[in-house]
Every structure is written in C-alpha cells, then in structure tokens.
Number of protein chains: 2
Amino acid sequence: MNNYTEILRQHNLKATPQRLEITNALYLNGHMSIERLYEIMLKKFSSISLATIYKNINLMLEASFIQEVKIPDAKSVYELTKEAHAHVICSECGEIVDIELNLDSVVSNAAKLSNYKINKSDLILSGTCKNCQ
Amino acid sequence: MNNYTEILRQHNLKATPQRLEITNALYLNGHMSIERLYEIMLKKFSSISLATIYKNINLMLEASFIQEVKIPDAKSVYELTKEAHAHVICSECGEIVDIELNLDSVVSNAAKLSNYKINKSDLILSGTCKNCQ
DNA sequence: CTCTGTGCAAAGCGTTTGCAAACGA
DNA sequence: TCGTTTGCAAACGCTTTGCACAGAG
C-alpha cells in the first residue's frame, strides 16, 4: 500500500481525503488534465468544487510534489514528480508514455552551443502509438 | 529586403499592413508573447485591436506560417516556422536562444523504447544565460 | 467590385479569489 | 482548539465572436 499521507505531509500538505484522492488518481493514471481529474474526483466526492482541484494542484506544484507537462496542441497534464524522463505522445489518441532517455550528451552539447548553464530539460516527442498506426 | 508579402500569400494569407508588421516583428525578435507583440504593434498601429492580433496569430498557426513554443512556468511565445531546432531558456531574464541539435539517435532510441512512430520533437532546455550567471 | 480583414464591444471560458462552515492535527 | 481546507459564488483575465466599416486583390 502507498502511504501518501506521509508523503503529502513531507511536502507540508495536510492529508485531506481530497488530496489523497488526487494523488491516487495521478498515481493510477500517470498523467491527467484538470478536466479529467475533476471527472474522476466527482465519482468519489460528488460535491467537490473545481476550485478545490485548482487550489490543490497549485499547492502541489509549488511544493514540487507534482509537475505540469505542457503538450503541443493539447491541454496541459499533471503528473507526480519522479526521476527525469521524456514524454512520447500519440497525436491520434492522446496517449502519453514516459521513457527514460539519457540526454547528457545532448545537454552538454546544448550548453556549449548556447553558453548557458543548463539545469533542466523537457523533451516531448509526438507521433503515433502502436494501436493508432 | 524581405518580401513577406509573397510568403504570406503562399500561405493563403492576404498581405495586410498589420500582418506584414507581425511578421516583421517576429523576424526581428525571434520569439514573442502575445502581450509583447501587442505592445510592439501599438507603436505602428496605434488603434490596433488585440482581437486582430489573436485572429492573425491563429490564422498563421493554422497555415503553419508560425509556431507556438510552450515554455515551462512562462507564457507561450510564437516564432516564424523554420528548420527544427531546440530552445534554451534563461529562467532569470527569460531570454530564448535557438540551437541546432541533432536528435536523430535520441529519437530513434525513443521510438524503440515506446513503440511509437515519432514525427516531431520539442526540446526545451532551461538554465541560466551568460549574463545572468 | 467582391470578399476578406480590421477594430470595437460583448460574450465566453478557464482559473482565481473571498468568505463562512467544516475539518485535520 | 487553532490554523488550514473545502465548497460556493463572484470576480478575473485572456481569448473568441459578431458586426459594420475599411481595405486588398
């Protein structure tokens, strides 16, 4: 069993039933838009407010407990923070897959070319999933 | 001199003064938010409407004449469509630099891992520019 | 001359805010 | 008990729409 109660508290967030369910939904679904999250939350909390969703998503973002993924030509989705990874997105069905890629050489190359000190990379690959091909 | 008149027409867009100026502003500035573009347009067309900006940006996006760049923790910016490239962004001053990187091996690796057919990659690197370091 | 584009005002929509009641620790 | 969170309703801000006039081709 996951004990997100403790993990929420470690991020200075009280473990309310709503927050535990948001966390659980993100854990089970991987990535969710606000809209989809709201639909799912309604099943458990029939009178939950969108304002509650937004407030919690924003608090969780500030605490780096979750992260936003901005997708070309689509709504943002949110995911629990974990090791760095790239996203592969099917432009047909919208499915999102996480993949672990080593971007070290790409990043060091980019640092050289740009003269920037780089501390974060966001890579989104778009294409067609197996089912939709 | 750039003749964007012809290029706009090739994208089925009439070459109005407003559109030529939007194009010119993007050419000169590289990347611009709606807000910044509006400010700049106001200098040339003191009574231009934000609605005109939005309508044209949307038409240009549909025509693939320009592209949107979604940036983590910041507003989207728009740029003239050109060869594929990555973006490096300074989280201090917001400066955006284009760099040409060969992502072929990364992409083929990702295709293998995900079983997707990949046709587009968006890479955004965040860090600190030379000036802000 | 015809059809498209512009500017203005109003409408729309996703997100945020203020507040009283409920709740977690 | 005390400070935080929730749900509701109202407010906000960005984006889109409808329409009459102006302008490109």
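The structure reproduced in this document is the subject of the present report. Quick caveat: nothing in here was measured; it's all calculated off a predicted structure.

### Brief notes about the overall build of chain A
At step 1: Across its full length, chain A holds five helices and five strands.
At step 2: Going residue by residue from the N terminus, the α and β elements of chain A occur as α-α-α-α-β-β-β-β-α-β.
At step 3: In terms of principal-axis extent, the alpha carbons of chain A reach across some 50 × 40 × 30 Å.
At step 4: Within chain A, buried positions represent 40% of all 133 residues.

### As for the relation of the copies chain B and chain A
Mapping between the two copies of the chain is achieved by a rotation about an axis and a shift along the axis.
At step 1: Least-squares fitting of chain B to chain A yields an RMSD of 0.1 Å, with the superposition described by an axial translation of 0.0 Å and a rotation of 180°. Here the transformation between the copies is reduced to the relation of a two-fold axis. When C-alpha distances to the rotation axis are compared across chain B, the minimum falls at L123 of chain B, with a value of 2.2 Å.
At step 2: Both copies contact each other with a shared surface, as 100% of the interface residues of chain B are interface residues in chain A too.

### Some remarks on the packing of helix α2 (residues 17-29) of chain A against helix α4 (residues 50-62) of chain A
All names here are of chain A.
At step 1: The geometry of α2 relative to α4 is characterised by a closest axis approach of 11 Å and an angle of 70° between their N-to-C directions. In terms of axis orientation, α2 runs roughly perpendicular to α4. At the point where α2 passes α4, the crossing takes the right-handed sense. For the pair α2 and α4, contact is made by Q18, R19, I22 and T23 and by T52, N56, L59 and M60, respectively.

### Quick word on the packing of helix α2 (residues 17-29) of chain B against helix α3 (residues 34-44) of chain B
Residues and elements named next belong to chain B.
At step 1: At a closest axis distance of 10 Å, the pairing of α2 and α3 adopts a crossing angle of 125°. With respect to α3, the element α2 is oriented oblique. For the pair α2 and α3, the crossing hand works out as right-handed. The segment α2 lies against α3, with Q18, E21, I22, A25 and N29 engaging L37, I40, M41 and K44.

### Thoughts on the protein's contact with DNA strand D
At step 1: With respect to spatial proximity, 19 residues lie near DNA strand D, and among them T16, R19 and K55 of chain A together with R9 and Y54 of chain B are the closest.
At step 2: Near the protein, within 4 Å, the atoms of DNA strand D are sugar or phosphate in 76% of cases.
At step 3: At 3.2 Å from a phosphate oxygen of DNA strand D is found a side-chain nitrogen or oxygen belonging to N56 of chain A.
At step 4: By residue class, the composition of the surface near DNA strand D is six nonpolar, seven polar and six charged.

### Topic: the interface of chain B and chain A
It is common to report an interface's size as the accessible area lost on association of the parts.
At step 1: Each partner contributes to the interface: chain B provides 38 residues, whereas chain A provides 38 residues.
At step 2: Buried surface at the junction of chain B and chain A, both sides included, amounts to about 2900 Å², of which 61% is carbon and sulfur.
At step 3: It is K70, V106 and Y116 of chain B that lose the most area in chain B upon contact with chain A, and together they represent 22% of the buried surface on that side.
At step 4: Our count for the chain B to chain A interface comes out at zero salt bridges.
At step 5: Where chain B meets chain A, there are 14 residue pairs in polar contact (both at pLDDT 80 or more).
At step 6: Taken together, the elements giving at least two residues each to the side of chain B that touches chain A come down to β3 (86-90), β4 (96-99), α5 (104-114) and β5 (117-128) of chain B.
At step 7: With twelve residues, β5 of chain B is the single largest residue contributor to the side of chain B that touches chain A.
At step 8: In the side of chain B that touches chain A, the residues fall into 21 nonpolar, nine polar and eight charged.

### So, the pattern of salt bridges
At step 1: On inspection of all chains with the given rule, the structure shows twelve salt bridges over all chains.
At step 2: With its nearest N and O atoms 3.4 Å apart, the salt bridge here joins E6 of chain A to R9 of chain A. Of the two residues, E6 of chain A and R9 of chain A both sit in helix α1 (residues 4-10), three residues apart, roughly one turn of that helix.
At step 3: Accessibility expressed as a relative area gives 49% for R9 of chain A, which makes it partly exposed.
At step 4: Between D122 of chain B and K120 of chain B there is a salt bridge; the shortest N-O distance is 2.9 Å.
At step 5: Classification of K120 of chain B as partly exposed rests on a relative accessible area of 30%.

### A closer look at unusual backbone geometry
All names here are of chain B.
At step 1: Non-glycine residue N12 carries a positive phi angle of around 60°.
At step 2: For N12, the position within the fold is in the loop between α1 (4-10) and α2.
At step 3: Backbone geometry places S64, a non-glycine residue, at a positive phi of 60°.
At step 4: Within the fold, S64 resides in the loop between α4 (50-62) and β1 (66-69).
At step 5: Overall, the relative accessible area of 46% leaves S64 in the partly exposed class.

Rules used in this analysis
- Residues numbered from 1 in each chain as written.
- Chains lettered and ligands numbered in written order.
- Predicted model: local features only at pLDDT ≥ 70, side-chain atom pairs only at ≥ 80, totals over all residues.
- Heavy atoms only, no water.
- Helix = DSSP H or I, 4+ residues; strand = E, 2+ residues; numbered from the N terminus.
- Buried < 20%, exposed > 50% of the residue type's maximum accessible area, 1.4 Å probe, protein only.
- Least-squares fit on C-alpha atoms with pLDDT ≥ 70 in both.
- Contact = heavy atoms within 4.5 Å.
- Axes fitted to C-alpha atoms, helices over the stretch in contact; angles between N-to-C directions.
- Parallel < 35°, antiparallel > 145°, perpendicular 65-115°, else oblique.
- Left-handed = near helix turned anticlockwise from the far one by under 90°.
- Near = heavy atom within 4 Å.
- Polar contact = N/O pair within 3.5 Å; in protein donor to acceptor, adjacent residues only side chain to side chain.
- Nonpolar A, V, L, I, M, F, W, Y, C, P; charged D, E, K, R; others polar.
- Buried area = accessible area lost by both parts, 1.4 Å probe.
- Salt bridge = Lys/Arg side-chain N within 4 Å of Asp/Glu carboxyl O.

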